[in-house]
Amino acid sequence: MRGRLTAIYGAKKGIIKQTPFLHNSLFSCTLCGLCEVECPPGVKSIEVMEALRSDVTSILGFNPPHERLLSNLRVKGHPYSDPIPLKYHITKQESEIAYFPGCTAIFRLPHIIQKTLTILRMISNSEVALLHGCCGGIAKRIGALEIFNDVKHRIEELLNNSEIKELIVTCAGCYSTLTKYYSLGKIKVKHISVFLCDFSNLPFKQSMKGKVAYHDPCHLGRHSNIYEEPRHVITNLAKMELVEFKDNREKAVCCGGGGGLMSAFRELAEQIAFNKLKQLSKLNVSKLVTACPFCELNFREAIRRHNMQIEILDIVETLI
């Protein structure tokens, strides 16, 4: 990050030109936030990077993969290539609890939605409202602020005109985006792992045994300071044995998928995921739990590419 910030400073001062090389330097970063943890003076490098991405793309434009992603978000309401549009709406406006699965779970990992809804219905003993939409976080992270603000306005309008008091989210990136950049008034946003910790006495039935490792998603951990709740779900609710990576919590290694890296620099994103997955053999663990569908998506791609015998689970899958 030091090299990136130096290059950015040089570009802003006119010492170096804003070139494709600088463009790639800015975007070959996951914005994971580990540099902020390690930085002695505490430079807010993520804020700087996001601001500079917006500035540079206004001159040089977006990477072609990011341009396609943004076009999808503008036209279809989600960043994926699937032709089906995502209609922004709430299924039951009068409900006080709603579940926001996010676009990655909707289009790539629907099993997470099904199991999360099963748990939420078990807890609430009633039908849970479902908020359909994309949080737009990816647009903000790659510098497309106008598109992000449009998505943000649509979601805020839906929620603020509803009776919802509590919004449960599956995706760490959605959680970070909603809690940091949205204005939702009375509505409390909770990640599913935090929400579940309030219901420790429920008889969750699961047959999974053995050891698992837990991957701290950057947007849940370093960005939102949620570390203990997912571990509580694994060890106290699912009653599984948790084995920690050497680097965990605020020092956890990123999955490689965030910050737009998975779209524009797919090979690099997969290599980062593969490097982390290789650590599981040293832990003598073949199951990896995470609390973010996007992390799971990138890990699954690395597993497929490298033919690895590893099972990836969302946090809710440890319970049912």
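Before any of the text, the structure's been laid out above.
*Asks:* Whenever I open this one, the pattern of salt bridges confuses me. Can you help?
*Replies:* Between side chains of opposite charge, a pair can form as their charged atoms come close. Scanning all chains against the criterion turns up 17 salt bridges. As a salt-bridge pair, K251 and E38 come within 3.8 Å of each other at their nearest N and O atoms. Pair noted here: K251 is in the loop between β7 (241-243) and α13 (261-264) and E38 is in helix α3 (residues 34-38), with a separation of 213 residues, a long-range link. The exposure class assigned to E38 is partly exposed, which follows from its relative accessible area of 46%. For the salt bridge of E244 with R249, the shortest nitrogen-to-oxygen distance reads 3.4 Å. Residue class for E244 comes out partly exposed when judged on its relative accessible area of 22%. Counted as one network, the salt bridges with shared partners bring together D216, E228, R231, E244 and R249.

*Asks:* Looking at this structure, I do not really get the nonpolar core. What am I missing?
*Replies:* Side chains of a nonpolar character, in soluble globular proteins, are inclined to be buried together. Ranked by internal contacts, the top residues of the largest apolar core, which has 98 residues, are L159, L167, L277 and L280. Here L277 is in contact with L288, F299, A302, I303, M308, I310 and I312, once residues within four sequence places are set aside.

*Asks:* Looking at this model, I keep getting lost on the side chain of H215. Mind explaining?
*Replies:* By secondary structure assignment, the location of H215 is in strand β6 (residues 211-215). In this structure H215 comes out as buried when scored by relative accessible area, which is 0%. A distance of 2.9 Å separates a polar atom in the side chain of H215 from a polar atom in the side chain of K276. Dropping the residues within four chain positions of it, H215 is found in contact with F245, V253, C254, C255, K276, L288, V289, T290, A291, C295 and F299.

*Asks:* Can you walk me through the packing of aromatic side chains in this structure?
*Replies:* Any two aromatic rings considered together are summarised by their centre-to-centre distance and by the angle between their planes. Counted according to the given criterion, the structure contains four aromatic pairs. With 6.4 Å between their ring centres and 40° between their planes, Y80 and F107 make a pair best called tilted. Linking Y80 in the loop between α5 (64-76) and β1 (89-90) with F107 in helix α6 (residues 103-107), this pair joins segments that are 27 residues apart in sequence. For Y80, a relative accessible area of 12% gives the class buried. An angle of 50° between the planes, with centres 5.1 Å apart, marks the rings of F195 and F199 as tilted. Take F199: its relative accessible area is 26%, and that puts it in the partly exposed class. Aromatic rings pair up to connect F148, Y181 and Y182 into one cluster. In this structure, K140 is placed above the aromatic ring of Y181, and the distance from its NZ or CZ to the ring centre is 4.3 Å. Sitting over the ring of F245, K276 keeps its end group 4.6 Å from the ring centre.

*Asks:* Got a minute to help me understand the environment of I84 in this structure?
*Replies:* Relative to the assigned elements, I84 resides in the loop between α5 and β1. Sequence-wise, I84 and F107 are 23 residues apart; in three dimensions their C-alpha atoms are separated by 9.4 Å. Ignoring any residue separated from it by four or fewer positions in sequence, one finds I84 in contact with H78 and F107.

*Asks:* Could you clarify how one ought to interpret helix α15 (residues 293-306) in this entry?
*Replies:* The terminal C-alpha atoms of α15 lie 20 Å apart, and with 14 residues this matches the ideal 20 Å at 1.5 Å per residue to within 8%. By the burial criterion, the buried members of α15 are P293, C295, E296, L297, N298, F299, E301, A302 and I303. Immediately beyond the C-terminal end of α15, within one or two residues, lies N307, with a positive phi of roughly 55°.

*Asks:* Would you mind showing me how to read the sheet that holds strand β5 (residues 188-191) here?
*Replies:* Paired through their backbone hydrogen bonds, the strands of a sheet run either parallel or antiparallel. Reading across the sheet, the five strands line up as β1-β3-β2-β4-β5 and stay open at both edges, with mixed pairing between neighbours. Each edge of the sheet is formed by a strand with only one pairing partner; in this case those strands are β1 and β5. The pairing of β1 with strand β3 (residues 129-132) spans two bridges and is antiparallel. The residue of β3 that forms the bridge with H89 is H132.

*Asks:* Would you explain unusual backbone geometry in this entry?
*Replies:* Apart from glycine, the bulk of residues carry a negative phi angle, and the bulk of peptide bonds sit in the trans form. Phi is positive for K239, close to 55°, though the residue is something other than glycine. Relative to the helices and strands, K239 resides in the loop between α12 (228-237) and β7. Among the residues examined, K239 registers a relative accessible area of 65% and is labelled exposed. Backbone geometry places N307, a non-glycine residue, at a positive phi of 55°. Summarising the element assignment, N307 is placed in the loop between α15 and β9 (311-314).

*Asks:* Help me understand the sheet that holds strand β8 (residues 287-290) in this model?
*Replies:* What the four strands build is an open sheet, ordered β7-β6-β8-β9; its pairing is parallel. The strands lining the two open edges of the sheet, one partner per strand, are β7 and β9. Between one strand and the next, the sheet's axes are offset by a mean angle of 40°, whatever the strand orientation. The strands that helix α14 (residues 266-283) touches are β6, β7, β8 and β9; relative to β6, the one it contacts most, it runs at about 150°.

Rules used in this analysis
Residues numbered from 1 in each chain as written. Predicted model: local features only at pLDDT ≥ 70, side-chain atom pairs only at ≥ 80, totals over all residues. Heavy atoms only, no water. Salt bridge = Lys/Arg side-chain N within 4 Å of Asp/Glu carboxyl O. Helix = DSSP H or I, 4+ residues; strand = E, 2+ residues; numbered from the N terminus. Buried < 20%, exposed > 50% of the residue type's maximum accessible area, 1.4 Å probe, protein only. Core = buried A, V, L, I, M, F, W, Y, C linked by side-chain atoms within 4.5 Å. Contact = heavy atoms within 4.5 Å. Polar contact = N/O pair within 3.5 Å; in protein donor to acceptor, adjacent residues only side chain to side chain. Phe/Tyr/Trp six-rings, centres within 6.5 Å; stacked < 30°, edge-to-face > 60°. Lys NZ or Arg CZ within 6 Å of the ring centre and 35° of its normal. Expected span 1.5 Å × (residues − 1). Pairing = 2+ DSSP bridges. Axes fitted to C-alpha atoms, helices over the stretch in contact; angles between N-to-C directions.

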